[in-house]
Amino acid sequence: MSLMKFPEVLKNDLVTKFGVEQFKFLTTPVGDHVIEVPAVATHALLQYLKEYAGFDFLMDICGVDYPARSNKRFDVVYHLFSSKDFSRVRIKAQIAEDESIATATDIWIGADWFEREAFDMFGIIFKGHPNLRKILTHHQFTGFPLRKDYEADAQQSCDSVLPIHFDNTPEQRGDLLDSRFVPINVGPSHPAMHGTLRVMAELDGETVVRASCEIGFLHRCFEKMAETHPYNQVIPYTDRLNYCSAPMNNVGYCKAVERLLDVSIPPRAEAMRVVLCELSRIIDHIVSVGTGGVDLGALTAFFHLFTFREKVYSLFEKLCGARLTVSMTRVGGMAQDAPDGWFDSVLDFCDEMSDGVEEISKMLLGNKIFIKRTQGVCPVSLKDAVAWGYTGPLLRASGLELDLRKSNPYYGYEKYDFDIPTGSNGDIYDRYCVRIEEMRQSIRIIRQVCKNMPGGDYTIRDKSIVLPEKKDVYGNIEGLMNHFMLVIKGLRPPVGEVYDATEAANGELGFYLISDGSANPYRLKVRPPCFAIYQSFPTVVKGSMLADAIATVASMNVIAGELDR
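Calculation rules
- Residues numbered from 1 in each chain as written.
- Predicted model: local features only at pLDDT ≥ 70, side-chain atom pairs only at ≥ 80, totals over all residues.
- Heavy atoms only, no water.
- Patch = residues over 30% accessible without salt bridge, like charges linked within 9 Å, V, L, I, M, F, W, Y side chains within 5 Å.
- Areas by Shrake-Rupley, 256 points an atom, 1.4 Å probe, with all protein chains shown as cover.
- Salt bridge = Lys/Arg side-chain N within 4 Å of Asp/Glu carboxyl O.
- Helix = DSSP H or I, 4+ residues; strand = E, 2+ residues; numbered from the N terminus.
- Buried < 20%, exposed > 50% of the residue type's maximum accessible area, 1.4 Å probe, protein only.
- Arc of directions from axis to C-beta.
- Contact = heavy atoms within 4.5 Å.
- Pairing = 2+ DSSP bridges.
- Expected span 1.5 Å × (residues − 1).
- Axes fitted to C-alpha atoms, helices over the stretch in contact; angles between N-to-C directions.
- Domains from an automatic or database assignment.
- Buried area = accessible area lost by both parts, 1.4 Å probe.
- Polar contact = N/O pair within 3.5 Å; in protein donor to acceptor, adjacent residues only side chain to side chain.
- Nonpolar A, V, L, I, M, F, W, Y, C, P; charged D, E, K, R; others polar.
- pLDDT = per-residue confidence, 0-100.
- Parallel < 35°, antiparallel > 145°, perpendicular 65-115°, else oblique.
- Left-handed = near helix turned anticlockwise from the far one by under 90°.

**Section: a nonpolar patch on the surface**
Here is step 1 of the chain: A cluster of nonpolar side chains, namely Leu-467, Ile-477, Leu-480, Met-481, Phe-484, Met-485, Val-487 and Ile-488, defines an oily patch on the protein surface of about 770 Å² accessible area.
Here is step 2 of the chain: Relative to the helices and strands, Met-481 is located in helix H16 (residues 477-489).
Here is step 3 of the chain: Met-481 sits in the partly exposed class, given a relative accessible area of 40%.

**Here's the deal with helix H1 (residues 8-18)**
Here is step 1 of the chain: Burial in H1 covers these residues: Leu-10, Leu-14 and Phe-18. The arc that holds the buried residues of H1, viewed along the axis, is 40°, so those residues lie on one side. Away from the buried face of H1 by more than 90 degrees, exposed residues Val-9 and Thr-16 are located.
Here is step 2 of the chain: Where H1 is buried, its residues contact strand S1 (24-27), strand S2 (33-36) and helix H2 (42-51).
Here is step 3 of the chain: Immediately beyond the C-terminal end of H1, within one or two residues, lies Gly-19, with a positive phi of roughly 110°.

**Focus: the pairing of strand S15 (residues 523-527)**
Here is step 1 of the chain: Burial runs high along S15: five of the five residues are buried.
Here is step 2 of the chain: Side chains of S15 alternate between two faces, with Arg-523, Lys-525 and Arg-527 and Leu-524 and Val-526 buried alike.
Here is step 3 of the chain: Note: strand S14 (residues 507-515) against S15, five bridges, orientation antiparallel. In the sheet register, Leu-513 faces S15, and the bridge partner there is Leu-524.

**Observations regarding helix H3 (residues 111-122)**
Here is step 1 of the chain: Here H3 is twelve residues long and its end C-alpha atoms lie 16 Å apart, about the 16 Å a rise of 1.5 Å per residue gives.
Here is step 2 of the chain: For H3, a buried count of twelve out of twelve residues is recorded, marking the element as mostly surrounded by other parts of the structure.
Here is step 3 of the chain: Taken as a whole, H3 has its buried residues at Ala-111, Asp-112, Trp-113, Phe-114, Glu-115, Arg-116, Glu-117, Ala-118, Phe-119, Asp-120, Met-121 and Phe-122.
Here is step 4 of the chain: Positive backbone phi, approximately 80°, marks Gly-123, located one or two places after H3.

**Quick notes on the sheet that holds S2**
Here is step 1 of the chain: Read from one edge of the open sheet, five strands run S1-S2-S5-S4-S3, paired in mixed fashion. Strands at the two margins of the open sheet, each flanked by one partner only, are S1 and strand S3 (57-65). Averaged over all pairs of adjacent strands, the angle between strand axes in this sheet comes to 20°, irrespective of strand direction.
Here is step 2 of the chain: As paired strands, S1 and S2 are joined by four bridges and run antiparallel to one another. By the bridge assignment for S2, Thr-27 is matched with His-33.
Here is step 3 of the chain: Contacts from H2 reach S2, strand S4 (74-81) and strand S5 (88-95), with the element oriented near 170° to S5.
Here is step 4 of the chain: Along the sheet, H3 makes contact with S3 and S4, crossing S3 at roughly 5°.

**Let's talk about the domain arrangement of the protein chain**
Here is step 1 of the chain: When cut into domains, the protein chain gives domain 1 (8-127) and domain 2 (222-564).
Here is step 2 of the chain: The distance between the C-alpha centroids of domain 1 and domain 2 comes to 28 Å.
Here is step 3 of the chain: The partner domain 2 presents 32 residues to the 32 residues of domain 1 that form the contact.
Here is step 4 of the chain: Summed over both partners, the interface of domain 1 with domain 2 buries about 2,700 Å², with 62% contributed by carbon and sulfur atoms.
Here is step 5 of the chain: Looking only at domain 1, the three residues that lose the most surface to domain 2 are Val-30, Phe-57 and Trp-113, adding up to 23% of its buried area.
Here is step 6 of the chain: For the pair domain 1 and domain 2, the number of links is six salt bridges.
Here is step 7 of the chain: Connecting domain 1 to domain 2 are 14 residue pairs in polar contact (both at pLDDT 80 or more).
Here is step 8 of the chain: Only S3, S4, S5 and H3 provide two or more residues apiece to the side of domain 1 that touches domain 2.
Here is step 9 of the chain: Sorting elements by how many residues they give to the side of domain 1 that touches domain 2 places S3 first, with eight residues.
Here is step 10 of the chain: By residue class, the composition of the side of domain 1 that touches domain 2 is 17 nonpolar, six polar and nine charged.

**Side note on the sheet that holds strand S13 (residues 496-504)**
Here is step 1 of the chain: Sheet architecture is open: three strands sit in the order S13-S14-S15, paired in antiparallel fashion. Strand pairing shows two members of the sheet lacking a second neighbour, S13 and S15, which therefore form its edges. Averaged over neighbouring strand pairs, the angle between their axes works out to 10° when direction is ignored.
Here is step 2 of the chain: Against the sheet, helix H6 (residues 246-261) contacts S13, S14 and S15, and its axis sits at roughly 150° relative to S13.

**Examining the confidence of the model for the protein chain**
Here is step 1 of the chain: For the protein chain, the mean per-residue pLDDT works out to 87, and 97% of the residues sit at or above 70.
Here is step 2 of the chain: For the protein chain, the element scoring lowest by mean pLDDT is H1, at 82; S4 scores highest, at 94.

**Considering the packing of helix H7 (residues 267-295) against helix H9 (residues 342-365)**
Axis angle and axis distance: for two packed helices, these are the angle between their axes and the distance between the axes, and together they describe the pair.
Here is step 1 of the chain: At a closest axis distance of 12 Å, the pairing of H7 and H9 adopts a crossing angle of 25°. By the angle between their axes, H7 is roughly parallel relative to H9. Once H7 is placed against H9, the crossing between them reads as left-handed. Residues Arg-268, Met-272, Val-275, Leu-279, Ile-282, Ile-286 and Val-289 of H7 lie in contact with H9, whose contacting residues are Trp-342, Phe-343, Val-346, Phe-349, Met-353 and Leu-364.
Here is step 2 of the chain: Class assignment for the residues of the contact of H7 with H9 results in twelve nonpolar, no polar and one charged.

**Describing the side chain of Glu-438**
Here is step 1 of the chain: Looking at where Glu-438 falls in the secondary structure, it is placed in helix H14 (residues 428-451).
Here is step 2 of the chain: Take Glu-438: its relative accessible area is 2%, and that puts it in the buried class.
Here is step 3 of the chain: Looking at Glu-438, its side chain comes within polar contact range of the side chain of Arg-396, at 2.7 Å.
Here is step 4 of the chain: Beyond its immediate chain neighbours, meaning those up to four positions away, Glu-438 contacts Arg-281, His-285, Pro-393, Arg-396 and Pro-421.

**Observations concerning the side chain of Asp-75**
Here is step 1 of the chain: With respect to the element layout, Asp-75 can be found in strand S4.
Here is step 2 of the chain: With sequence-adjacent residues up to four places away left out, Asp-75 is seen in contact with Cys-62, Gly-63, Val-64, Tyr-66, Arg-69, Lys-92, Ala-93, Gln-94 and Ile-124.

**Thoughts on the environment of Ala-256**
Here is step 1 of the chain: Its location among the elements puts Ala-256 in helix H6.
Here is step 2 of the chain: Judged by relative accessible area, which is 1%, Ala-256 ranks as buried.

**Topic: the pairing of S5**
Here is step 1 of the chain: A large share of S5 lies buried, amounting to six of its eight residues.
Here is step 2 of the chain: Both S2 and S5 contribute to a ladder of three bridges, which runs parallel. Following the sheet pairing, Glu-36 is matched in S5 by Lys-92.
Here is step 3 of the chain: Of the strand pairs in this sheet, S4 and S5 are connected by eight bridges, and their pairing is antiparallel. Paired with Phe-74 across the strands is Ile-95, a residue of S5.

As structure tokens, this is what we get:
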């Protein structure tokens, strides 16, 4: 249990600036720092925290519905992060159903899509937002799906398509097209858009004059499903977020639940999770680099890289029987131990992958055509990357050496010897360089873990958290009753909340979890890495060639499962 208190320096600064009765400072039992603030003071507080307290990253904005509160139904929650000292703070404001709260888009441009999502899901009005439209639900959808009074099975179909429209900044916004330019749809049927992304553009010849993204084609309302299922039954749904690196989603979710429960998993389970995460990072980067090469015409690299992706899937299959969506983690540890010889097979793969990375580096990074198509193309400065909320390889490609495995280490990452690659230009070429180098670093980590794999159990043995093994369920009455009670009663974390983040393949994967003491999460908000990144796409590609826009979306590695949820 954390004994930390709210940082006195920050508290004193805020009291001096805003007054002693303005805010309520809290530190949750798990150590999260929270400031409860009146809605009218939120904008000023956010501005101060960014400019003077060093919280340069807006990681997430979300809503929480409390219909039992008669006067202030909604919480509006902001998650801030400082790249200076790696600290976090959560800002919470309460508003009534007929009230609004000031937009934060003039503080962080990346607040745009997060506020639109809160509007779409809850109906929260952000006053001053330049374009408060739906974003995840379709244009014919009525109601607000994440409100508690919206039934989880109330599905609504869509039978029409919006015409090409632009809804970015005020100077770009409008459904009227300019007769001087050619309107064009790119996706969702375009192969570079994976059947799930729609980009609308106006072209002056081959140059993109303006562009707009339409998302939500794969929206399943994961967060609503999480509210209607027991904690352990949410794990398979997390697989379907970033399905290119499914175990990393399992680990991130279970880590958040375990932190709320205040339990530590055994060293062997930690090490197994690290191996799974780093293998997943490799195959996620394989998808990004390989498909990005295809979009530039480098088909050979795609086939070459996917050979190694299949080898990792074979390792997953040996471990748990599944390949793509594995659901291998459990709250408290792992579903089962690794079979004999599995870690030796992982080390053999690392030897093969090391050679493969060097080959792919020569095939792509040393290829003149690839270099000319990517170097200096659609660069993003470090200042802009931070303002948009970039994390992961794209942020590091812009020059900031920020990686949660180093800045806020977990699962023993501080013990492992590995480097954090960075770029300097933030262009497409740097993004691929960072990902390819990260494959090498993941191999380094895996080798260290597998050669020093701890012994012991693969899960905790708390009867209120972990199901007993099948031999006990079928072999003795105590195991049978333990199984029966946990299935019927469910896993029940204490009343409280937590925000926990891991360094996923695309960047910070965060889970904001609220427990009301029942068997289901009261609220589970996912902070997906590519959501913040993709919202910058229209700005990044403006003025570039259409072919460069295709290369840009590939370099962003947008995975619709986590984008839309």
